[in-house]
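Here is how the chains run, residue by residue.
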Amino acid sequence: MPDPLRAQQGPSRVELKARRTYFWCSCGRSKRQPFCDGSHAGTELTPARFTPGEDGEAVLCGCKRTGTRPFCDGTHNRLAVTDASASIPQHEAGEAGCLHLSAPKS
Ligand code: FES
Ligand code: FES
C-alpha cells in the first residue's frame with residue numbers, strides 16, 4: 001500500500017449535511033480536498049465513504065495520516081513541516097465543489 005500524499009499540513013473545517021454520503025480523499029491527490037475527485041485512480045488507495053448523522057461542522061484530516069478517518073485526530077501535529085505545494089496541485093478556496101471554509105495556506 002503506497003503512502004498517501006500530504007494534501008495539507010492540517011485539517012479542513014467543513015459543514016456537512018445529515019444523511020448525505022461523502023467520500024473523503026485518503027490519497028491526498030484530489031483537487032477538491034478534503035473530498036475525493038477520483039484522482040486516486042491508478043493507486044491502491046481508495047476514499048473513505050461516510051454519512052453524518054446530523055448537520056454540522058466537522059474537522060476532516062488533510063494530512064492523510066489520521067487514525068480516525070475521515071476525522072482529524074491530531075496526528076498532523078507530530079509530522080514534520082513540508083512544502084506540500086511542491087507536490088500537490090493546489091486550488092482556490094471557493095472553487096466549484098470546494099468545501100474549504102478558509103483559503104489554503106500558501
Ligand atoms: Fe484521493 Fe479519491 S482522490 S481518494
Ligand atoms: Fe491529519 Fe489532523 S490533519 S490528523
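Residues numbered from 1 in each chain as written. Chains lettered and ligands numbered in written order. Predicted model: local features only at pLDDT ≥ 70, side-chain atom pairs only at ≥ 80, totals over all residues.

## Description of the overall build of the protein
- Across its full length, the protein holds zero helices and four strands.
- Counting from the amino terminus, the protein carries its helices and strands in the arrangement β-β-β-β.
- For the protein, buried positions account for 24% of its 106 residues. (Helix = DSSP H or I, 4+ residues; strand = E, 2+ residues; numbered from the N terminus. Buried ≥ 20, exposed ≤ 12 C-beta atoms within 10 Å, placed from the backbone.)

## Overview of the nonpolar core
- Counting 12 residues, the largest nonpolar core consists of A7, V14, Y22, W24, C25, C27, C36, L45, L60, C61, C63 and C72.
- Not counting residues within four places of it along the chain, the set of residues in contact with C36 comprises F23, W24, C25, S30 and P47. (Core = buried A, V, L, I, M, F, W, Y, C linked by C-beta atoms within 7 Å. Contact = placed C-beta atoms within 7 Å.)

## Some thoughts on the confidence of the model for the protein
- Taken as a whole, the protein shows an average pLDDT of 83; of its residues, 76% reach a score of 70 or greater.
- In this model residues 84-106 is a low-confidence stretch, pLDDT under 50, and it forms 27 contacts with partners more than four residues away in sequence or in other chains. (pLDDT = per-residue confidence, 0-100.)

## Some thoughts on unusual backbone geometry
- The amide bond that connects Q33 to the next residue, P34, takes the cis arrangement and shows omega of 5°.
- With respect to the helices and strands, P34 occurs in the loop between strand 2 (22-24) and strand 3 (48-50).
- The linkage connecting R69 with the following residue, P70, adopts the cis geometry, with an omega of 0°.
- Its location among the elements puts P70 in the segment after strand 4 (56-60).
- Positive phi, close to 65°, is recorded for R19, a residue that is not glycine.
- Counting through the fold element by element, R19 comes out in the loop between strand 1 (12-16) and strand 2.
- Residues other than glycine seldom take positive phi values, yet K64 does so here, at roughly 70°.
- For K64, the position within the fold is in the segment after strand 4.

## Observations regarding the environment of A18
- Locating A18 in the fold gives a position in the loop between strand 1 and strand 2.
- Between the alpha carbons of A18 and D55 there is a distance of 4.7 Å; along the sequence they are 37 residues apart.
- Contacts of A18, omitting those with residues within four sequence positions, involve P52, G53, E54 and D55.

## So, the environment of A48
- Relative to the elements of secondary structure, A48 occurs in strand 3.
- By the C-beta count within 10 Å, which is 16 here, A48 ends up partly exposed.
- Once you skip the residues sitting within four places of it in the chain, A48 turns out to touch W24, S26, R69 and P70.

## Remarks on the environment of A41
- Along the chain, the position of A41 falls in the loop between strand 2 and strand 3.
- Residue classification places A41 among the exposed positions, given that 9 C-beta atoms sit within 10 Å.
- The spacing of A41 and C27 is 14 residues in sequence and 9.7 Å in space, taken between C-alpha atoms.

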